[in-house]
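These are the residues of each chain, in order.
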Amino acid sequence: MHVKYIAALAFVCGMVSVSVWPIVWRGVSVMRGGGARAGDGDGDGAGRILAPEDLARHSEEFVVKIELQVIDYVGFTCKQVIRVTDGVYSAVGFSLANSILLVGDTGTVVVDTTEAVESAREIRAAFSEIVNFTEKPLKAIIYTHNHQDHVLGTSVFLEGFNPKPAIYSHAETYDKMAHWVGATQATYYKRGMRQFGAILPPHLQVNAGIGKELMLKPHSATPVVFPDHLFEGEEYIIEICGMQLVLKHCPGETPDQIVVWLPQKKVLIPADNFYKSFPNLYAIRGTMYRDVLLWEESMDIMLQYKAEHLVPWSENVTRVLTHYRDAIKYVHDQTAYWMNRGKSTNQISELVHLPPVLQAAPELQQFYGEVSSAARAIFAGYLGWFDGNPTHLRPLPEWQHSMKMLALMGGTQNVALAAKDALQAGEYQWAMELADLIQQAKDVPTALLSQIRDIKSECLLKLAAQESNAPYRNYYTTYALEMRNEIDMPDAPKNALDIFLALSPNDLFYMIECNLNAEKSVDVFKSMLFSFPDISEHVLLEIRGGVALHHTYKIPPDLNDMDIAVRLDYSTLAKLLTKDINPVSAYLTRKIKVEKGTIAEFGSLMALFQVNNDMEPLI
């Protein structure tokens, strides 16, 4: 176990004498105990809390101008290609993420390709004004990590180059990309669309915190190109066209994150371990725990390079990286401090705030990441969902709790009036919490539920108008419009065939299992054997009273022990999952051969695996 984890959670016991004294941060008195404790308020260090107009001004960094500008960096203010230093250019404002061009003696390298083919085409055209790709062809692409806003534009950059450019990444990036179709894909997608405001009408979009907007839309083409030059371990050094590139594994926003160091030019490409906002230690779209101690250690590694240029940042590199590192460490340590003093998640989120010197740093304004969210994530990363209060071990069902609270408060009509009064008084959070009590209750009249939806959606829009954090603002706004039926949240788009083919049978069937409708299969006890001649593997899929599980074999088990057995190529199964072929035509063309049972029985069992709320069969 990491020694820092042990230190962070070492419970402070015994009678320790701690002096307690009040200080004032920006006019608010805070009781502090021995050592640096948390202050109050999320601000810019100038005596005020960030306001919506600050978020709007933040958009100036991503504003589109018609003419391409290639400039020495003084602060990016438009859609442009920034000249970081000789041979290093960063495309900013075209998409959510940046794409970086490295120009060598005889060729070029592109680091990250953004999330959309449309953006990639614009960026490639912009890069073509800087370098003649005929004279200096693209030799390589580097993926800094697996997030889609860094890899989905690759097909555009590959066009017209022979030989095909190599695509470098950490080995873990390949695995993470293949698992985009994991157990929670559907909810990740919808929550991600809300966080980035990707389906909002243009007049309601401000920005996405680290870019103008996510260009990956529900209708977007998403050709997936996997990396083909993988490295494991901590570091990989490549020489391309006279450039030495150090690919350094630096886990942070993602476990597979790498930074790119150009020692000859003193240039550091930090990927998503640094952007001009407080780091997104937790994303409200939902993420696995982002190990903040590893992120902090990665910042230390980045500082050791003593870079003169930080793409696309150019000034005071050591200072901004140090601030970033210190902010991550501070939030982690203060969260652990209050955890060890028995505070709950909600209490800690109110107690932990950046100290003034970090609040004042331009690179730490909370336009994307958010301190209270980070504190909650750190708590959950260490201790999980339980906050330590035994009342919360077996809470009443939401509907039952709501019914009792409503009765205590005089009934649903009284609470509905209170919610309306709270809305009119500007107490939007309280109004929403009252509205939720009614929405979660049973047997509420339809007309009253409609009124409550109107109240809650209005509160969400009011909160959005006050919000300076882009993900929060976008989530509030999108959810409100969904409640009003003014926008439709689409289901996750069809997955690319390449993603399914990149999965091992073990991983693919794990994804299939997570889509079992347990309610419809509670009385089903069946076994199905899939034989894949093209990869010489066999998979036994069992349904046992609402539970699905599988086993893989090189030598098939006895057919007499199976209820159903089918033979098909692994690529055929992938095409069935992507809806590129349907099971009936596959059966009629002998792409599926039933070796035991009937095709109808196979179809009825596979129909128990469903892909969305409409209960559409997976196959």
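All of the points below concern the structure found in this document. (Residues numbered from 1 in each chain as written. Predicted model: local features only at pLDDT ≥ 70, side-chain atom pairs only at ≥ 80, totals over all residues. Heavy atoms only, no water.)

## Focus on the overall build of the chain
Regarding its fold elements, the chain presents 21 helices and 20 strands. By the burial criterion, 52% of the 619 residues in the chain qualify as buried. When contacts within the chain are restricted to residue pairs at least 6 apart in sequence, long-range pairs at least 24 apart make up 66% of them. In the form shown here, the chain has an accessible surface area of approximately 27700 Å², with 53% of it arising from carbon and sulfur atoms. (Helix = DSSP H or I, 4+ residues; strand = E, 2+ residues; numbered from the N terminus. Buried < 20%, exposed > 50% of the residue type's maximum accessible area, 1.4 Å probe, protein only. Contact = heavy atoms within 4.5 Å. Areas by Shrake-Rupley, 256 points an atom, 1.4 Å probe, with all protein chains shown as cover.)

## Description of the packing of helix α8 (residues 317-339) against helix α11 (residues 371-383)
Close contact between α8 and α11 brings their axes to 9 Å; oriented N to C, the two are set at 60°. Between α8 and α11, the angle is such that the two are oblique. Seen along the crossing, α8 lies across α11 with a hand that is right-handed. Contacts from Val-331, His-332, Thr-335 and Met-339 in α8 reach Val-371, Ala-374, Ala-375, Ile-378, Phe-379, Tyr-382 and Leu-383 in α11. (Axes fitted to C-alpha atoms, helices over the stretch in contact; angles between N-to-C directions. Parallel < 35°, antiparallel > 145°, perpendicular 65-115°, else oblique. Left-handed = near helix turned anticlockwise from the far one by under 90°.)

## Quick word on unusual backbone geometry
Phi is mostly negative for residues that are not glycine, and the peptide bonds are mostly trans. Note the cis peptide between Asn-162 and Pro-163, where omega equals 10°. Cis geometry is adopted by the peptide bond preceding Pro-312, which originates at Val-311 and carries an omega value of -5°. Within the fold, Pro-312 resides in the loop between β15 (309-310) and α8. Unlike most non-glycine residues, Asp-112 shows phi in positive territory, near 70°. Mapped onto the fold, Asp-112 is located in the loop between β7 (108-111) and α3 (117-128). Accessibility expressed as a relative area gives 3% for Asp-112, which makes it buried.

## Comments concerning the pattern of salt bridges
Taken as a whole and assessed by the stated rule, the structure comprises 21 salt bridges. Linking Asp-326 and Arg-325 is a salt bridge whose minimum nitrogen-to-oxygen distance equals 3.5 Å. The exposure class of Asp-326 is partly exposed, given its relative accessible area of 30%. Lys-329 serves as the salt-bridge partner of Asp-333, at 2.4 Å between the closest nitrogen and oxygen. You can see Asp-333 and its partner Lys-329 sitting in helix α8, 4 residues apart, about one turn around the helix. Judged by its relative accessible area of 28%, Asp-333 is partly exposed. One network of salt bridges, in which partners are shared, links Glu-296, Asp-300, Arg-325 and Asp-326. (Salt bridge = Lys/Arg side-chain N within 4 Å of Asp/Glu carboxyl O.)

## Quick notes on the sheet that holds strand β13 (residues 258-262)
Strand order in the open sheet formed by 5 strands is β11-β12-β13-β14-β15, with mixed pairing between adjacent strands. Unpaired on one side and paired on the other, β11 (235-240) and β15 mark the two borders of the sheet. (Pairing = 2+ DSSP bridges.)

## Regarding the packing of aromatic side chains
On inspection of all chains with the given rule, the structure shows 16 aromatic pairs. Ring centres of Tyr-475 and Tyr-479 lie 6.4 Å apart, and the angle between their planes is 15°; this geometry places the pair in the stacked category. Of this pair, Tyr-475 and Tyr-479 both sit in helix α16 (residues 470-483), separated by 4 residues, roughly a single helical turn. Both rings, one in Phe-509 and one in Phe-532, keep their centres 6.3 Å apart while their planes meet at 55°; by these two values the pair is tilted. Taken as a pair, Phe-509 in helix α18 (residues 505-513) and Phe-532 in strand β16 (residues 525-532) lie far apart in primary sequence, 23 residues in all. Residue class for Phe-532 comes out buried when judged on its relative accessible area of 1%. Among the aromatic residues, those joined into a cluster by ring pairs are Phe-509, Phe-530, Phe-532, Tyr-570 and Phe-602. Over the face of the ring belonging to Phe-133 we find Arg-124, whose NZ or CZ atom lies 5.9 Å from the ring centre. (Phe/Tyr/Trp six-rings, centres within 6.5 Å; stacked < 30°, edge-to-face > 60°. Lys NZ or Arg CZ within 6 Å of the ring centre and 35° of its normal.)

## Notes on the layout of surface pockets
In this structure, the second largest pocket spans a volume of roughly 900 Å³. Around the second largest pocket, the lining is made up of 25 residues, and of these Gln-429, Met-432, Asp-436, Lys-456 and Tyr-476 lie nearest the centre. Secondary-structure elements contributing two or more residues to the lining of the second largest pocket are α11, α12 (398-408), α14 (428-440), α15 (446-466) and α16. If one sorts the elements of the lining of the second largest pocket by residue count, α14 sits on top with 8 residues. Across the lining of the second largest pocket, the residue classes break down as 14 nonpolar, 4 polar and 7 charged. (1 Å grid on protein atoms, 1.4 Å probe; cavity = no way out; pocket = protein on both sides within 12 Å on 5 of 7 lines; lining within 4 Å. Points joined across faces, edges and corners; volume = space filled by probe spheres on them. Nonpolar A, V, L, I, M, F, W, Y, C, P; charged D, E, K, R; others polar.)

## Quick notes on α16
Its 14 residues give α16 an end-to-end C-alpha distance of 20 Å, which sits within 8% of 20 Å, the value for a rise of 1.5 Å per residue. For α16, the full list of buried residues reads Ala-470, Pro-471, Arg-473, Asn-474, Tyr-475, Tyr-476, Thr-477, Thr-478, Ala-480, Leu-481, Glu-482 and Met-483. Among the structural elements, α2 (52-58), α6 (185-196), α14 and α15 are those in contact with the buried residues of α16. Among the residues of α16, the N-terminal cap falls to Asn-469, whose side-chain oxygen and the backbone nitrogen of Tyr-472 are separated by 3.0 Å. Just beyond α16, the residue with positive phi is Asn-485, at close to 60°. (Expected span 1.5 Å × (residues − 1). Polar contact = N/O pair within 3.5 Å; in protein donor to acceptor, adjacent residues only side chain to side chain.)

## A few points about helix α5 (residues 171-178)
Each α-helix winds once per 3.6 residues, and so residues spaced three or four apart point in a common direction. Along α5, the residues classified as buried are Thr-173, Met-177 and Ala-178. Looking down the long axis of α5, one finds its buried residues gathered within 135° of arc, a one-sided arrangement. Each element contacted by the buried residues of α5 is listed here: β9 (166-170) and α17 (497-502). (Arc of directions from axis to C-beta.)

## What about the packing of α6 against α16?
Where α6 meets α16, the closest approach of the two axes is 6 Å, and the angle between their N-to-C directions is 115°. Comparing the axis directions of α6 and α16 gives the class roughly perpendicular. Residues Arg-191, Met-193, Arg-194, Gln-195 and Phe-196 of α6 pack against Ala-470, Pro-471, Asn-474, Tyr-475, Thr-478, Tyr-479 and Glu-482 of α16. Class assignment for the residues of the contact of α6 with α16 results in 6 nonpolar, 3 polar and 3 charged.

## Points about the environment of Thr-114
Tracing the sequence through the fold places Thr-114 in the loop between β7 and α3. Residue class for Thr-114 comes out buried when judged on its relative accessible area of 0%. With 19 residues separating them along the chain, Thr-114 and Ser-95 place their C-alpha atoms 6.4 Å apart. Among residues more than four places away in sequence, those in contact with Thr-114 are Ser-95, Ala-97, Ser-99, Ser-119, Ala-120, Ile-123, Gln-148, Asp-149, His-150, Val-151, Leu-152 and Gly-153.

## Concerning the sheet that holds strand β19 (residues 564-567)
As summarised here, the arrangement of the 5 strands in space is β18-β17-β16-β19-β20, forming an open sheet in which the pairing is mixed. Whereas interior strands pair on both sides, the edge strands pair on one side only; in this sheet they are β18 (547-553) and β20 (593-596). Between one strand axis and the next, the sheet turns by 20° as a mean value, whatever way the strands run. Along the sheet, α18 makes contact with β16, β17 (537-544) and β18, crossing β18 at roughly 170°.

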